[in-house]
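The lines below spell out each chain.
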Amino acid sequence: MTLLKLENVSFSYADSDEGAGLRNISTTIPQGQVVLLCGESGCGKTTLTRLINGLIPHFFEGSLTGKVTVCGKDVASSQLYELSPLIGSVFQNPKSQFYTVDTDSEIVFGCENIGMPKEQIQKNLDETINNLNLYRLLNRSLFELSGGEKQKIACASVSALHPKIFVMDEPSSNLDYKGIRELMNVIAGWKRDGCTVIIAEHRLEWLKTLADRVIYMSDGQIGSDMSMGEFKGKTEEELHVMGLRTEPHLSPVSKSWENNEDKFFFRNITFSYKKSRDRKALDIDMIKLPVGSVVGIVGENGAGKSTFAGCLCGLEKHMGGNILYKGNNLMSKDRIKLCYMVMQNVNYQLFTESVVDELMLSMEKSKFDETEKRVKAEEILKKLDLLGYKDRHPMSLSGGQKQRVSIACALASDKEILVYDEPTSGLDYHHMIDFAALIKDMQQIGKTQLIITHDPEIIGQCCDNLMFFENGKVLWHKATDADAVAMMQNFFAL
Amino acid sequence: MMRYCVYGKNNQSIKLDPRTKLLLCLCISVTLIAGSSAGVLRYLNYIPALVPFLFMISLKKYKNALIYLAVYVVCEFGTSALVPYLPDAVNILFTGVIAFSTRLIPGAMMGWFLFSTTTVSEFVTAMDRMHVTKKITVPISVMFRFLPTIREEYTAVQKAMRLREIGSFRNPVKMLEYRMVPFLMSVVSIGNDLAASALTRGLDSPCKRTNMCRIGFTWRDVVVVVLLIIFYSCYIPIAVFRR
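Calculation notes
Throughout this document, residue positions are counted from 1 along each chain, in the order its sequence is written. Whichever chain is written first is A, and whichever ligand is written first is 1; the rest continue in order. Only residues with pLDDT of 70 or above have their local features reported here, since the model is predicted, and side-chain atom pairs are shown and tallied only from 80 upward, although totals for entire chains, interfaces and linings are computed over all residues. Under the scheme used here, helices are H or I runs from DSSP no shorter than 4 residues and strands are E runs no shorter than 2 residues, and both carry numbers assigned from the N terminus. Here a residue counts as buried when 20 or more other C-beta atoms sit within 10 Å of its C-beta, as exposed when there are 12 or fewer, and as partly exposed otherwise, the C-beta atoms being derived from the backbone. Two residues qualify as being in contact provided that their C-beta atoms, derived from the backbone, are within 7 Å of each other. What a helix is expected to span follows from its residue count: subtract one and scale by 1.5 Å. Following the grouping adopted for this structure description, the nonpolar residues are Ala, Val, Leu, Ile, Met, Phe, Trp, Tyr, Cys and Pro, the charged ones are Asp, Glu, Lys and Arg, and the polar ones are all others, Gly among them. Bear in mind that the domain bounds are from an automatic or database domain assignment. Note: two strands are recorded as paired if DSSP finds a minimum of 2 bridges between them. To get an axis, fit a line to the C-alpha atoms, keeping to the stretch in contact for a helix; angles then go from 0 to 180 degrees between the N-to-C directions. The scheme is simple: roughly parallel for angles under 35 degrees, roughly antiparallel for over 145, roughly perpendicular for 65 to 115, oblique for anything else. Crossing handedness is defined as follows: a turn of the near helix away from the far one that is anticlockwise and smaller than a right angle gives a left-handed crossing, while the clockwise case is right-handed. Joining buried Ala, Val, Leu, Ile, Met, Phe, Trp, Tyr and Cys residues through C-beta atoms within 7 Å gives a set, and that set is a nonpolar core.

Quick notes on the overall build of chain A
And then number 1: A tally of regular secondary structure across chain A gives 17 helices and 20 strands.
And then number 2: Overall size of chain A, expressed as C-alpha extent along the three principal axes, is 70 × 50 × 40 Å.
And then number 3: Looking at the 494 residues of chain A, the share that counts as buried comes to 50%.
And then number 4: Partitioning the contacts of chain A with sequence separation of at least 6, the portion at a separation of at least 24 is 71%.

Points about the overall build of chain B
And then number 1: Counting its regular elements, chain B contains 9 helices and 0 strands.
And then number 2: For the C-alpha atoms alone, the extent of chain B along its principal axes is close to 70 × 55 × 30 Å.
And then number 3: The 243 residues of chain B split such that 26% are buried.

Focus: helix α1 (residues 18–34) of chain B
All names here are of chain B.
And then number 1: In a regular helix each residue adds 1.5 Å, so 17 residues correspond to 24 Å; α1 covers 24 Å between its end C-alpha atoms and thus fits that length.
And then number 2: Looking only at α1, the buried set comprises Pro 18, Lys 21, Leu 24, Cys 25, Ile 28 and Thr 31.
And then number 3: Elements in contact with the buried residues of α1: α3 (46–58), α5 (88–117), α6 (120–129) and α9 (219–242).

As for the interface of chain A and chain B
When the parts come together, some accessible area is lost, and that loss is often what is quoted as the size of the interface.
And then number 1: Each partner contributes to the interface: chain A provides 56 residues, whereas chain B provides 46 residues.
And then number 2: Taken together, the elements giving at least two residues each to the side of chain A that touches chain B come down to α3 (80–83), α4 (103–113), α5 (118–132), α6 (147–159), β16 (339–342) and α12 (355–362) of chain A.
And then number 3: A total of 8 residues in the side of chain A that touches chain B trace back to one element, the largest contributor, which is α4 of chain A.
And then number 4: Split into classes, the residues belonging to the side of chain A that touches chain B amount to 31 nonpolar, 19 polar and 6 charged.

Quick word on the domain arrangement of chain A
All names here are of chain A.
And then number 1: Segmentation of chain A into domains returns domain 1 (2–241) and domain 2 (263–491).
And then number 2: For domain 1 versus domain 2, the separation of C-alpha centres amounts to 33 Å.
And then number 3: At the interface, 13 residues of domain 1 touch 10 residues of domain 2.
And then number 4: At the level of elements, α6 and α7 (177–192) are the ones that each hand at least two residues to the side of domain 1 that touches domain 2.
And then number 5: Of the residues belonging to the side of domain 1 that touches domain 2, the class tally is 1 nonpolar, 8 polar and 4 charged.

Focus: the sheet that holds strand β20 (residues 473–479) of chain A
All names here are of chain A.
And then number 1: With mixed pairing, the 6 strands of this open sheet are ordered in space as β16-β17-β18-β13-β19-β20. Only two strands of the sheet have a single partner each, and these edge strands are β16 and β20. Along the sheet, successive strands turn relative to each other by an average axial angle of 20°, direction set aside.
And then number 2: Both strand β19 (residues 465–470) and β20 contribute to a ladder of 6 bridges, which runs antiparallel. Bridge assignment links Leu 466 to a residue of β20, and that residue is Lys 478.
And then number 3: Packed on one face of the sheet, helix α15 (residues 429–444) meets β13 (294–299), β17 (417–421) and β18 (448–452) and runs near 150° to β18.

Notes on the sheet that holds strand β15 (residues 328–329) of chain A
And then number 1: Overall, antiparallel pairing links the 4 strands, which are arranged β12-β11-β14-β15 (chain A) in an open sheet. At either margin of the open sheet sits one strand with a lone partner, and together these are β12 (282–290) and β15 of chain A.

Points about the domain arrangement of chain B
And then number 1: What the domain assignment lists for chain B is domain 1 (18–123 + 219–242) and domain 2 (131–199).
And then number 2: The centre of domain 1 of chain B, based on its C-alpha atoms, is set 29 Å off from the matching centre of domain 2 of chain B.

Quick word on the pairing of strand β4 (residues 62–70) of chain A
The side chains of a regular strand alternate, first on one face of the sheet and then on the other.
Residues and elements named next belong to chain A.
And then number 1: Relative to β4, strand β1 (residues 2–13) runs antiparallel, the two being bridged by 8 bridges. Paired with Glu 7 across the two strands is Lys 67, which belongs to β4.
And then number 2: Examined bridge by bridge, β4 and strand β5 (residues 73–74) share 2 bridges and lie antiparallel to one another. Within β5, the residue paired with Thr 69 across the bridge is Asp 74.
And then number 3: What sits between the antiparallel neighbours β4 and β5 is a turn of 2 residues, in which Cys 71 has the positive phi angle 50°.

What to know about the packing of α3 of chain B against helix α4 (residues 62–82) of chain B
Residues and elements named next belong to chain B.
And then number 1: Between α3 and α4, the shortest axis-to-axis distance is 8 Å and the interhelical angle comes to 160°. Taken together, the axes of α3 and α4 are roughly antiparallel relative to one another. The handedness of the crossing between α3 and α4 is left-handed. On α4, the residues that touch Ala 49, Pro 52, Phe 53, Met 56 and Ile 57 of α3 are Tyr 62, Asn 64, Ala 65, Tyr 68, Leu 69 and Tyr 72.

Digging into unusual backbone geometry
And then number 1: The amide bond that connects Ile 56 of chain A to the next residue, Pro 57 of chain A, takes the cis arrangement and shows omega of 5°.
And then number 2: Tracing the backbone through its elements, the reader meets Pro 57 of chain A in helix α2 (residues 55–58).
And then number 3: With a phi close to 40°, Glu 422 of chain A is a non-glycine residue in the positive phi region.
And then number 4: Positionally, Glu 422 of chain A belongs in the loop between β17 and α15.
And then number 5: By C-beta crowding, Glu 422 of chain A is classed as buried, having 21 other C-beta atoms within 10 Å.
And then number 6: Phi at His 131 of chain B is positive, roughly 55°, even though this residue is not glycine.
And then number 7: Within the secondary structure, His 131 of chain B sits in the loop between α6 and α7 (134–163).
And then number 8: Residue classification places His 131 of chain B among the exposed positions, given that 6 C-beta atoms sit within 10 Å.

So, the nonpolar core
And then number 1: Leu 37, Ile 52, Val 70, Ile 165, Phe 166 and Ile 198 of chain A are the most contacted members of the largest nonpolar core, which totals 91 residues.
And then number 2: Not counting chain neighbours up to four residues away, the residues in contact with Val 70 of chain A comprise Leu 3, Leu 4, Ile 52, Val 75, Leu 83, Leu 86, Ile 87 and Ile 165 of chain A.
And then number 3: One finds Ala 303, Ala 309 and Ala 436 of chain A together with Ile 166 of chain B within the second-largest nonpolar core, a separate group that totals 80 residues.

Below is the structure:
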């Protein structure tokens, strides 16, 4: 039975910042199929999910031609609330898709809105809790859950409505491997119940066992439409040309650090948050890292990776222990001068009205005069391929370019240690490779870099040292040798 | 299959119906802001000001309660003691404002109490029972979720500014701009995502909303209302006869 039918659909956004348009999309999706939508960023996969769940044309404005039919209903002429019992939507960002503040009310939120009878809600709720195994998450504040847990509640909230179709827009991009495994179970459950699931994703590995069909989008059109079997038959080169991520290759790095005189020491680092003083968020005996290396920081969410980065950058003042860099003991004030963190959401870090102003702001405290500063700024922008954008407003740039502007600011203020917080989440293959190249350039000019990541591919591309966190402790840290690679592969296994 | 009871929680010592809390909020603000503080009324005003303090104690927020008490006492008694010793300019500009804040703070603290002890669904249920339209309920209910989000976003921006070493106060106007631009950008984008997600779950449905949440008046609410009646039966005659 055909559940979903798109006939010659074209769409372009009224505000082109909101996404990529689509041209002449025609396809049908039968009941019970799990479909993976993939393609480079800007190919229109998110737009396609919005056409299905009715956010286009009811929420995002633009010009739409063609017809989308879901369960016999014309999407454009139905209201969103008529579609909500049929289509469940899960979005990318776990923190911006809950309406209430506690898990229980969030799960029944949709059911309550459409005025489902109480007994029915109770029944659906019990089933959802059971099917998704949510007992541990009940009666909690949503603000204290991890990204993976929030995403699970988002799934539960749509699942309680018992829709026939689930539409997911990059649901895994903020999750660690544990979160992804949970998400896989949820989707497998929906598949068993005979639901249709449509997932737009750029991380493909975890869907290989789940999806039945792959729709590859390119430039707003359907590039190819194939079964999972066919898709698996493609070689790695073919996939990379398509801009798709593949299975990561972790291989030992043969670089020797023995001759490296400069070291970066962490001794007896302890830190606990004000709210839970008795629990140590960070407890590290001794770490020794070579200056000028690229260190991958790995571990589950909540293991202390971000806390460590915050301490290193001098954001947390009440850290116990010593950090020595090139033989100097660094106090938190020195660290804030020496270190820079590229935050996961770069938007927080851009303040001015043009790219060049952004760099000038970073040099405000330096002794150079105005013209010298301008020369230096242009040099840095040239190095980072940003010279063409120097007068653009930073907020009008793409995600990758913003990241680069942020790094440019770090260079302008002569920071020596660069920390990246999940820099490649949400990047397609080409952008990830560009980022890896940038990391290598930074290494060339002698920066020490630390990358917090859940992405094995970026580790395979550029990390020559690895650090593994668990429960606030560093379980091991070492150069990326055969041992470390084996342990990583084990950790990233689905 | 196990049956799960929604909203079975009772983690606060004084469990009041949201409507009672709303009434208290209104009474405290109106009495202190619009009422007078002449003569005996000045002492009667201490009673509504004490209410948020008692509620904070009941929540075991001793630190907040003490801070509130200290701020109130300083504003109430400190200013009148200091006025004779301060230059006129300072008195005109600041002392009046501080003295007036004794009338605002209790209402604000009561509002904080309302927001922190009421869940979104309790609030929506209460509003539905009072037949308040969705046009009013939806924006207020979003505030419950947005206040913590605003705090999260604001700390993130502050962190970003410290990383860029631009947190100084040499140029306060610029600092405000640097702080507000990324902050507003991210709050707006969260708001948009939130609206999209809520709409796909039927927020705009015209049919009558089912409320799974059980609220209702108990003896505690009766006590509060009786106390309010007693208070006003003293307060109003005094206020009227003093004229």
